[in-house]
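One-letter residues, chain by chain:
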Amino acid sequence: MLTWTLVVLLLGLIYWLSRKPSGLPPGRWGFPIIGYIPFYTTDVGKIVSDLREKHGDIFTWKVGSKVMVGFCDYELIKTTFNRPECQGRPYLYSFDLIRSHQNAGILNAVGDIWVQGRRFALRHLKDFGLGKSSLEGAIQYEAQNLVKTFERTAGNPIEISWCLNVAVLNVIWKLVANIRYDTDDQEIIKFNIIVRDNIDLIQGRLQILDVFPYLVKILPRFVLEKVFRVKAVCDNMEKFKNLMLATIETHVKKLDPNNPKDYIDAYLIQIQKERGLSTLFKEDYVSLVIALNDLFAAGSETTSSTIRWLIALLANHPEIQRKMQKIDWFRGQSLLSRIRKASVLCEKLKTLVEIQLT
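All values reported here derive from a predicted model rather than from experimental measurement.

Quick look at the overall build of the chain now. Broken down by element type, the chain carries 17 helices and 3 strands. Residues counted as buried form 36% of the 358 residues belonging to the chain. If you take every contact in the chain between residues at least 6 apart in sequence, the share linking residues at least 24 apart comes to 59%. Of the roughly 21800 Å² of accessible surface on the chain, 59% is carried by carbon and sulfur atoms.

Here the focus is unusual backbone geometry. Of note, S100 is a non-glycine position whose phi angle comes to about 55 degrees, a positive value. Along the chain, S100 turns up in the loop between α4 (93-98) and α5 (111-127). Judged by its relative accessible area of 37%, S100 falls in the partly exposed class. The phi torsion at Y285 lies on the positive side, around 65 degrees, for a residue other than glycine. Here Y285 lies in the loop between α13 (263-273) and α14 (286-316).

What follows is about the packing of helix α12 (residues 230-254) against α13. Angle between the axes and distance between the axes: these two values describe a pair of packed helices. Contact pair α12 / α13: the axes reach a minimum separation of 10 Å and the direction vectors enclose 70 degrees. Judged on the interaxial angle alone, α13 and α12 are roughly perpendicular. As for how α12 packs across α13, the hand of that crossing is right-handed. Contacts from T247, I248, H251 and V252 of α12 reach α13 at I264, D265 and L268.

By secondary structure assignment, the location of D96 is in helix α4. By relative accessible area, D96 is classed as buried at 9%. Within polar-contact distance, the side chain of D96 engages the side chain of R99 at 3.4 Å. In this view, D96 contacts Y91, H101 and Q102; residues no more than four positions away in its chain are not counted.

Attention now moves to a nonpolar patch on the surface. Taken together, the side chains of F31, I33, I34, I37, F39, Y214 and I218 define a hydrophobic patch exposed on the protein surface, amounting to about 750 Å² of accessible area. Relative to the helices and strands, Y214 resides in the loop between α9 (206-211) and α10 (215-218).

This part takes up the nonpolar core. The biggest cluster of nonpolar side chains holds 58 residues, and the ones touching the most others in it are W173, F191 and Y263. Discounting residues that sit within four places of it in the chain, F191 has contacts with L169, W173, F240, L243, M244 and F296. Counting residues in each nonpolar core, the second largest holds 9 residues, with I47, W61, V63 and C72 among its members.

With that out of the way, let us pick up the packing of aromatic side chains. In the structure shown here, the tally under the stated rule is 12 aromatic pairs. Seen from their ring centres, F240 and F296 are 6.5 Å apart, and the 75 degrees between their planes marks the pair as edge-to-face. Of this pair, F240 sits in helix α12 while F296 sits in helix α14; the two residues are 56 residues apart in sequence, bridging distant segments of the chain. As far as the burial class goes, F240 and F296 line up, both buried. Here the aromatic residues W173, Y181, F191, F240 and F296 are joined through ring pairs into a cluster of three or more. Directly above the ring of W29 sits K62, whose terminal nitrogen or CZ lies 5.6 Å from the centroid.

Definitions and limits used
Residues numbered from 1 in each chain as written. Predicted model: local features only at pLDDT ≥ 70, side-chain atom pairs only at ≥ 80, totals over all residues. Heavy atoms only, no water. Helix = DSSP H or I, 4+ residues; strand = E, 2+ residues; numbered from the N terminus. Buried < 20%, exposed > 50% of the residue type's maximum accessible area, 1.4 Å probe, protein only. Contact = heavy atoms within 4.5 Å. Areas by Shrake-Rupley, 256 points an atom, 1.4 Å probe, with all protein chains shown as cover. Axes fitted to C-alpha atoms, helices over the stretch in contact; angles between N-to-C directions. Parallel < 35°, antiparallel > 145°, perpendicular 65-115°, else oblique. Left-handed = near helix turned anticlockwise from the far one by under 90°. Polar contact = N/O pair within 3.5 Å; in protein donor to acceptor, adjacent residues only side chain to side chain. Patch = residues over 30% accessible without salt bridge, like charges linked within 9 Å, V, L, I, M, F, W, Y side chains within 5 Å. Salt bridge = Lys/Arg side-chain N within 4 Å of Asp/Glu carboxyl O. Core = buried A, V, L, I, M, F, W, Y, C linked by side-chain atoms within 4.5 Å. Phe/Tyr/Trp six-rings, centres within 6.5 Å; stacked < 30°, edge-to-face > 60°. Lys NZ or Arg CZ within 6 Å of the ring centre and 35° of its normal.

Right under this line is the structure:
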């Protein structure tokens, strides 16, 4: 009798702790502990579309211990995220691993650290060409080398991932460290493996720990390391840290405070200015390393994925490919003079938008 009473009390407590708070938008709350996990599909886009169709542009979706409120209207999203109280970041165990359990970096920092880091990155990356015509030369150079690589294998099957990723990474390296690597350079190949590995790992089983973070305290260490690949993420971050610290040390030796050449130079100069006064610009370089990881992770895979889809879709739709080939990109008049003409870019932009919507 006592056993059944305890079981009933325990179930009641779980239900009480898992109940939906008042004031949340309509949506799917699901079951205690696991929340709403639809088994009919793993396509998050379809799940969100179904929830929107049933509950409108604002809805609630509970997965595991995570309560999410979905916004499906552009103006609503823009207005909401312009408010300071809505600019925080949720706790995700995978991202916490990436940032070494510290409030640092750009993508997942919170509070004043995020505000300072984002503002600093935007200001100085623009100084070094982000979003400006001054970076077009570097982008064109990488594009031309990429085309030459493709031409060498014309008529034969080719795995485009490595050369494509190196081209994209080189543009980011130009901004952050004023460095360029050749396509077959072993250092950039190792670096690419680290970046891609961590992106794949945090999108794999590790996501389970994002929605059920209490499992981290319950599961044995070997399960976390082997099954959820926590050790692999930490090992990759250690390799990334060592590579970045070596690059930073090279910059320290050659630093000219009056002539910063890249993002790392600008960061080092800011450290000197705020020595001992800032919570962000510290001489241990932890925040800088994590910020660099954020820049590479956010900038490389998004761009290279878009281009891979572009190549795949053009191969399957030769009629669109012919439209895209109306302009001979790398022969004749200068590329820079042509890409500044909006009429020339119109078809390209339409195609890119369609790819990003795919």
